[in-house]
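Given next are the chains, with one letter for each unit.
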Amino acid sequence: MIKVGVLGGRGRMGAEVVRAVEGAADMELVAAVDQGESLDALQGAEVVVDFTHPGVVMGNLEYLIGHGIHAVVGTSGFEPERVERIRGWQAAKPGAKVLIAPNFGVGAVLMMAFARKAAPFFESVEVVELHHPNKIDAPSGTAYRTAELIAEARREAGCVAMPDATTEEIDGARGASVEDVRIHSVRLSGLVAHQEVLLGGHGEIFTLRHDSMNRESFMPGVLLGVRKVADLPDALTVGLEPLLGL
Ligand SMILES: NC(=O)C1=CN([C@@H]2O[C@H](COP(=O)(O)OP(=O)(O)OC[C@H]3O[C@@H](n4cnc5c(N)ncnc54)[C@H](OP(=O)(O)O)[C@@H]3O)[C@@H](O)[C@H]2O)C=CC1
Ligand SMILES: O=C(O)C1=N[C@H](C(=O)O)C[C@H](O)C1
């Protein structure tokens, strides 16, 4: 039995994780901790799943690494500087493995992989992410990661800058830019989590689209992470890709 703790257990995702862990034959839920509650309740856990808030997740990780507890992290907000800080904590106190997945949906991971593969073949690539209006951050962690992967692929392939003659009449009209890849964030009642990657070339458009219809859709990926995190070869893994053999 894997002893599992959940951080953010009363949240939209955390509550779903609690249900999934309770339903897994090889896992035991030892603690679910929410805002204002002590992290010490997690000390009996071998693996802790974090779906909290970009503003608190780094403090949570520092605690878990300090106590040798493996972490499976779905919380968004992991720009490169944060990743480096986590590596520093792990170097100072080796033992705890950390898996950070911007998206635990298998289809979303495949969308990112296909976007990376396709990006060098098109002149223009832009990302449109669409979410429920209670989402507290923009752009989504998935869109940020997708843009990083697109930029990396285009850099490696020696692509030239994307064509764009536009002057913004209103700030933000062209969306946000991550390494020159544009991200547009839609917040709309009725949505859960969705993303399109638009790739444009000479007389053709290639569109990749992924839709999470509910939060249960993330659970196979989360449970896979819980089962595998302790045996991952690296102290820190970003993305579910290696766990899916991608
Ligand atoms: N990787 C993935 O596949 C997915 C990632 N996410 C990400 O997960 C995160 C959470 O999303 P969601 O569940 O919708 O958000 P919610 O706001 O519904 O849940 C967050 C929960 O964390 C709690 N919380 C806040 N601070 C702390 C703290 N210091 N310690 C413990 N718990 C705390 C909140 O409590 P309170 O309400 O009292 O503040 C709340 O219960 C976001 O960053 C989102 O982008 C979401 C879906 C999928
Ligand atoms: O807040 C959400 O809902 C989601 N957050 C993650 C993100 O920021 O990419 C994953 C998914 O898009 C749902």
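Worth saying up front: this structure is predicted, and the values here are computed from it rather than measured.

### Details of the overall build of the protein
Then, number 1: Secondary structure summary: the protein contains 6 helices and 11 strands in total.
Then, number 2: Expressed as a percentage of the 246 residues in the protein, the buried residues total 48%.
Then, number 3: Pairs at least 24 residues apart make up 72% of the contacts formed inside the protein by residues separated by at least 6 positions.
Then, number 4: Accessible surface for the protein amounts to roughly 11900 Å². Of this, 53% is attributable to carbon and sulfur atoms.

### Points about the UniProt feature "domain: Dihydrodipicolinate reductase C-terminal" (unreviewed entry) in the protein
Then, number 1: In the numbering used here, UniProt assigns the "domain: Dihydrodipicolinate reductase C-terminal" (unreviewed entry) feature to residues 107–234.
Then, number 2: Strand forms 27% of residues 107–234 and helix 30%; the C-alpha atoms that close the span are 24 Å apart.

### Examining the site of ligand 2
Then, number 1: In the vicinity of ligand 2, the residues found are Ser 76, Pro 102, Asn 103, His 131, His 132, Lys 135, Ser 140, Gly 141, Thr 142 and Ala 193.
Then, number 2: A distance of 2.6 Å separates an oxygen atom of ligand 2 from a polar side-chain atom of His 131.
Then, number 3: Side-chain polar atom of Lys 135 to an oxygen atom of ligand 2: 2.7 Å apart, as the coordinates give it.

### Observations regarding the packing of helix α1 (residues 12–22) against helix α6 (residues 219–228)
Then, number 1: The geometry of α1 relative to α6 is characterised by a closest axis approach of 10 Å and an angle of 65° between their N-to-C directions. Considering their axes alone, α1 and α6 lie roughly perpendicular with respect to each other. Relative to α6, the crossing made by α1 is right-handed. Counting all contacts with α1, which are made through Met 13, Glu 16, Val 17, Ala 20 and Val 21, the residues of α6 involved are Met 219, Val 222 and Leu 223.
Then, number 2: For the contact of α1 with α6, a count of residues per class yields 7 nonpolar, no polar and 1 charged.

### Quick look at unusual backbone geometry
Then, number 1: A cis amide bond links Ala 138 with the next residue in sequence, Pro 139, at an omega value of 0°.
Then, number 2: Along the chain, Pro 139 turns up in the loop between β6 (124–131) and α5 (141–156).
Then, number 3: A positive phi is found at Glu 179, a non-glycine position, where the angle reads about 50°.
Then, number 4: Residue placement: Glu 179 occurs in the loop between β7 (176–178) and β8 (181–187).

### Describing the site of ligand 1
Then, number 1: Around ligand 1, a shell composed of 21 residues is seen, among which Arg 12, Met 13, Gln 35, Ser 76 and Phe 104 lie nearest.
Then, number 2: In this structure, an oxygen atom belonging to ligand 1 sits 2.9 Å away from a main-chain N or O atom of Met 13.
Then, number 3: Separating a nitrogen atom of ligand 1 from a backbone N or O atom of Gly 74 is a distance of 3.1 Å.
Then, number 4: Relative to its unbound accessible surface of 930 Å², ligand 1 loses 77% to contact with the protein.
Then, number 5: The residue makeup of the shell around ligand 1, split by class, is 9 nonpolar, 8 polar and 4 charged.

The rules we used
- Residues numbered from 1 in each chain as written.
- Chains lettered and ligands numbered in written order.
- Predicted model: local features only at pLDDT ≥ 70, side-chain atom pairs only at ≥ 80, totals over all residues.
- Heavy atoms only, no water.
- Helix = DSSP H or I, 4+ residues; strand = E, 2+ residues; numbered from the N terminus.
- Buried < 20%, exposed > 50% of the residue type's maximum accessible area, 1.4 Å probe, protein only.
- Contact = heavy atoms within 4.5 Å.
- Areas by Shrake-Rupley, 256 points an atom, 1.4 Å probe, with all protein chains shown as cover.
- UniProt positions renumbered as here; feature names shortened; annotations may be inferred.
- Near = heavy atom within 4 Å.
- Polar contact = N/O pair within 3.5 Å; in protein donor to acceptor, adjacent residues only side chain to side chain.
- Axes fitted to C-alpha atoms, helices over the stretch in contact; angles between N-to-C directions.
- Parallel < 35°, antiparallel > 145°, perpendicular 65-115°, else oblique.
- Left-handed = near helix turned anticlockwise from the far one by under 90°.
- Nonpolar A, V, L, I, M, F, W, Y, C, P; charged D, E, K, R; others polar.

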